[in-house]
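# Residue-level structure breakdown
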Amino acid sequence: MDLHLTVSGRHGLATQLYRQLRDAILEGRIRSGDNLPPTRELADRLKVSRNTVTAAYERLTSEGFLSARVGSGTFVRSPIAPAEQRRNALSGTGLRPLPVWDRVTVGPERPARKPAFDFRAGIPDARLFPFAAWRRLVTRELHSAENRKALYQEPSGLLRLRQAIARHVGVARSIQATAEDILITNGTQQALDLIGRVLWEPGAVVAMEDPGYPMARLLFQSQGARVHPVPLDAEGLAVDALPENAAVVYTTPSHQFPLGMPMSLARRMALLSWAERRRAAIIEDDYDSEFRFDDRPLEPLQSLDRGGRVIYVGSFSKTLLPELRVGYLIAPPSIRPALRAAKALTDWHSPLTTQAALARFMEEGLLARHVRRARKEYQSRRDRLVSAIERHLGTWAEPAPSVAGLHLCALFRDERLHADEVARAANAEGIAVYPLSRFSTAPTPPQGLVLGYGGIPVNRIDEGVRRLAAVLAATR
Ligand SMILES: Cc1ncc(COP(=O)(O)O)c(C=O)c1O
């Protein structure tokens, strides 16, 4: 047998040899019945003493990996079946994830080179973030951490932060909530994960808008939910098209993701009474509505709800930075203890330094000031983008109405235009855009582009859209 074995150094040689032989047996590189070289021969080959080899063989024999037959040598006795050995040898491991994970591919995507014109949706402008103030507050919290005991904290989150959020949503979103109603999470993503753990069994039907937010859809599917796509019209989610058996509806009523329309008041009322009749839950994802430009915002579902059916989810990923990983949920009292327990079981609680710094940031009025400044900036980018689309892309596309947030859609007038192809060609030219189809599971998704303006300065927008028009003209 010509098995590759090496030992090095002067100590632990028998252990090194033992491990290599054991791994070779477990990985199927040597099989049951294979004859190992005699101890003297292997000792000569490895330039070690015969005792070293004997010690390794004896240990493997005592563990049942080898058997010695007087007169005929030492043989392998593998504890696992040959087919399994072969599989292990091929894959390097016997572990396989559940099939659902084969379908999950997640970002973040890093373009090969920095795009010259970055229209990716969902990213705020980090240059607007008040880093100096944040640094001061984090440093201060770290100083006070030095004098604290190293204890686990309250799973629902720091009380001061929950109080600050209750005040904030009261003013900004007309939501009546107290600190007790709020649970701090690591972003929307964890809020959705906790809700799923608490509310549904594998196989439950979760209805969500299509096109919609892929990170929510994939998360629900990974938890064993059957996700049912629901179409949209100008008023938002088509309540008439909800499946009878849905246990939960996930929706983005303030600024539909990604199409941008708000859900009309009539539709909100229809959705609430549907949920009441079906005893279903509604997850209201209010991810970017603090950046609202034109009209007065409609009441959130949460504040219209009389039946305790709505779980409101908010995030600081757009108002501040996604990397902070801070979000929150406001749940009806009936599921609060379970959500708190789920949070504790998942990760005990969110990092305290960030929570404490954010509480102070809000108490000092810095969040409100930052949102005011950023809103003005994003509004001028949104206006510039709308006029650039009308000017340069008007032949092929029209901007979908959008009064909030950090992105809008340019919908193709001709359904035969392929947004995937356009987006691919644009990306190759250094213009980062997403096709609308990326957010849909429909066999014939709406054709258009999702254009974010968080990552592009106002004075680059017109030129970016002009170049995008050139790409569109060339791909037709
Ligand atoms: C619809 C929607 N919800 C929520 C979020 C924010 O998620 P998180 O708070 O996990 O960063 C995003 C970010 O792109 C989003 O598009």
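Residues numbered from 1 in each chain as written. Predicted model: local features only at pLDDT ≥ 70, side-chain atom pairs only at ≥ 80, totals over all residues. Heavy atoms only, no water.

- With an unreviewed UniProt entry as reference, the protein chain is termed PLP-dependent aminotransferase family protein.
- UniProt, in its Sequence similarities (unreviewed entry) section for the protein chain, records the words "In the C-terminal section; belongs to the class-I pyridoxal-phosphate-dependent aminotransferase family." (UniProt positions renumbered as here; feature names shortened; annotations may be inferred.)

## Concerning the pairing of strand β7 (residues 226–230)
- In terms of strand pairing, strand β6 (residues 205–209) meets β7 through five bridges, oriented parallel. Along β7, the bridge assignment pairs alanine 207 with histidine 228.
- Following the chain from β6 across helix α8 (residues 214–222) to the adjacent parallel β7, one finds a crossover that is right-handed. (Pairing = 2+ DSSP bridges. Helix = DSSP H or I, 4+ residues; strand = E, 2+ residues; numbered from the N terminus. Right-handed = clockwise from strand over helix to strand, strands pointing away.)

## Remarks on unusual backbone geometry
- With an omega of 5°, the peptide bond between aspartate 210 and proline 211 qualifies as cis.
- Topologically, proline 211 is positioned in the loop between β6 and α8.
- The omega torsion of the bond from phenylalanine 257 to proline 258 falls at 10°, within 30 degrees of zero and hence cis.
- Tracing the backbone shows proline 258 in the loop between β10 (246–251) and α9 (265–278).
- A positive phi is found at lysine 47, a non-glycine position, where the angle reads about 55°.

## A look at the site of the ligand
- Surveying the vicinity of the ligand reveals the residues Gly187, Thr188, Gln189, Tyr213, Tyr250, Phe257, Asp285, Tyr287, Ser315, Ser317, Lys318 and Arg325.
- In this structure, aspartate 285 approaches the ligand through a side-chain N or O atom, which is 2.6 Å from a nitrogen atom.
- A distance of 2.6 Å separates an oxygen atom of the ligand from a polar atom in the side chain of serine 315.
- In isolation the ligand offers 400 Å² of accessible surface; the protein chains occlude 92% of this area.
- In terms of residue count, helix α7 (residues 187–199) provides more of the shell around the ligand than any other element does, three residues in total.
- Taken together, the residues of the shell around the ligand sort by class into four nonpolar, five polar and three charged. (Near = heavy atom within 4 Å. Polar contact = N/O pair within 3.5 Å; in protein donor to acceptor, adjacent residues only side chain to side chain. Areas by Shrake-Rupley, 256 points an atom, 1.4 Å probe, with all protein chains shown as cover. Nonpolar A, V, L, I, M, F, W, Y, C, P; charged D, E, K, R; others polar.)

## With respect to the side chain of lysine 318
- Its location among the elements puts lysine 318 in the loop between β12 (310–315) and β13 (327–330).
- Comment: no salt bridge for buried lysine 318; closest opposite-charge side chain is aspartate 288, at 6.8 Å.
- Apart from the residues lying within four places of it in its own chain, the contact partners of lysine 318 are Gly122, Pro124, Tyr287, Asp288, Phe291 and Leu406. (Buried < 20%, exposed > 50% of the residue type's maximum accessible area, 1.4 Å probe, protein only. Lys, Arg positive; Asp, Glu negative; His and termini not counted. Salt bridge = Lys/Arg side-chain N within 4 Å of Asp/Glu carboxyl O. Contact = heavy atoms within 4.5 Å.)

## A look at the sheet that holds strand β11 (residues 281–285)
- Taken together, seven strands build an open sheet; the order of strands is β5-β13-β12-β11-β10-β6-β7 and the sheet is mixed. The sheet terminates laterally at β5 (182–185) and β7, the two strands that pair on one side only. On average, each strand axis in the sheet is tilted by 20° relative to the strand beside it, whichever way the strands run.
- When β11 meets β12, the two strands line up parallel, connected through four bridges. Directly across from glutamate 284, in β12, lies its bridge partner tyrosine 312.
- On top of the sheet, helix α6 (residues 159–173) reaches β5, β12 and β13; it is set at about 105° to β5, its chief contact. (Axes fitted to C-alpha atoms, helices over the stretch in contact; angles between N-to-C directions.)

## Considering the environment of alanine 164
- Relative to the helices and strands, alanine 164 is located in helix α6.
- With 208 residues separating them in the primary sequence, alanine 164 and arginine 372 have C-alpha atoms 17 Å apart.
- Excluding anything up to four places from it in sequence, alanine 164 contacts Ala359 and Met362.

## Here's the deal with helix α12 (residues 352–363)
- The end-to-end C-alpha distance of α12 is 16 Å, a good match for the 16 Å that twelve residues give at a rise of 1.5 Å each.
- Within α12, ten of the twelve residues are buried, leaving the element largely enclosed by the surrounding structure.
- What α12 keeps buried is the set Leu352, Thr354, Gln355, Ala356, Ala357, Leu358, Ala359, Arg360, Phe361 and Met362.
- On the buried face of α12, the contacting elements are α5 (131–145), α6, β5 and α13 (366–393).
- Of the residues flanking the end of α12, it is glycine 365, one or two places downstream, whose phi is positive at about 80°. (Expected span 1.5 Å × (residues − 1).)

## A look at a nonpolar patch on the surface
- Where nonpolar side chains cluster on the molecular surface, the patch consists of Leu265, Met269 and Leu298 and spans about 240 Å² of accessible area.
- Note that methionine 269 resides in helix α9.
- Methionine 269 sits in the partly exposed class, given a relative accessible area of 40%. (Patch = residues over 30% accessible without salt bridge, like charges linked within 9 Å, V, L, I, M, F, W, Y side chains within 5 Å.)

## A closer look at α9
- Under the 1.5 Å per step criterion, the end-to-end length of α9 is 20 Å for 14 residues, consistent within 8% with the ideal 20 Å.
- Listed in full, the buried residues belonging to α9 are Arg267, Arg268, Leu271, Leu272, Trp274 and Ala275. An end-on view of α9 places all buried positions within 160° of arc, on one side of the element. Away from its buried face by more than 90 degrees, α9 exposes Ala266 and Arg277.
- Close packing links the buried residues of α9 with β8 (232–233), β9 (236–237), β10, β11, α10 (301–304) and β12.
- Downstream of α9 by a residue or two, arginine 279 has a phi angle that is positive, lying close to 55°. (Arc of directions from axis to C-beta.)

## Focus: the domain arrangement of the protein chain
- The domains assigned to the protein chain are domain 1 (13–91), domain 2 (117–125 + 369–475) and domain 3 (135–364).
- One C-alpha centre belongs to domain 2, the other to domain 3, and the line joining them spans 27 Å.
- In this complex, domain 2 contributes 28 residues to the contact, which on the side of domain 3 involves 26 residues.
- Both sides together, the interface formed by domain 2 and domain 3 hides about 2300 Å², and carbon and sulfur atoms give 64% of it.
- Among the residues of domain 2 in contact with domain 3, Val403, His407 and Phe439 are the three that bury the most area, contributing 26% of the side total.
- On inspection of domain 2 and its partner domain 3, the count reaches one salt bridge.
- Across the pair arginine 382 and aspartate 294 runs a salt bridge whose closest N-O atoms are separated by 3.3 Å.
- Taken together, domain 2 and domain 3 are joined by twelve residue pairs in polar contact (both at pLDDT 80 or more).
- Secondary-structure elements contributing two or more residues to the side of domain 2 that touches domain 3 are α13 and β15 (407–412).
- A breakdown of the residues in the side of domain 2 that touches domain 3 according to their chemical character gives 17 nonpolar, eight polar and three charged. (Domains from an automatic or database assignment. Buried area = accessible area lost by both parts, 1.4 Å probe.)

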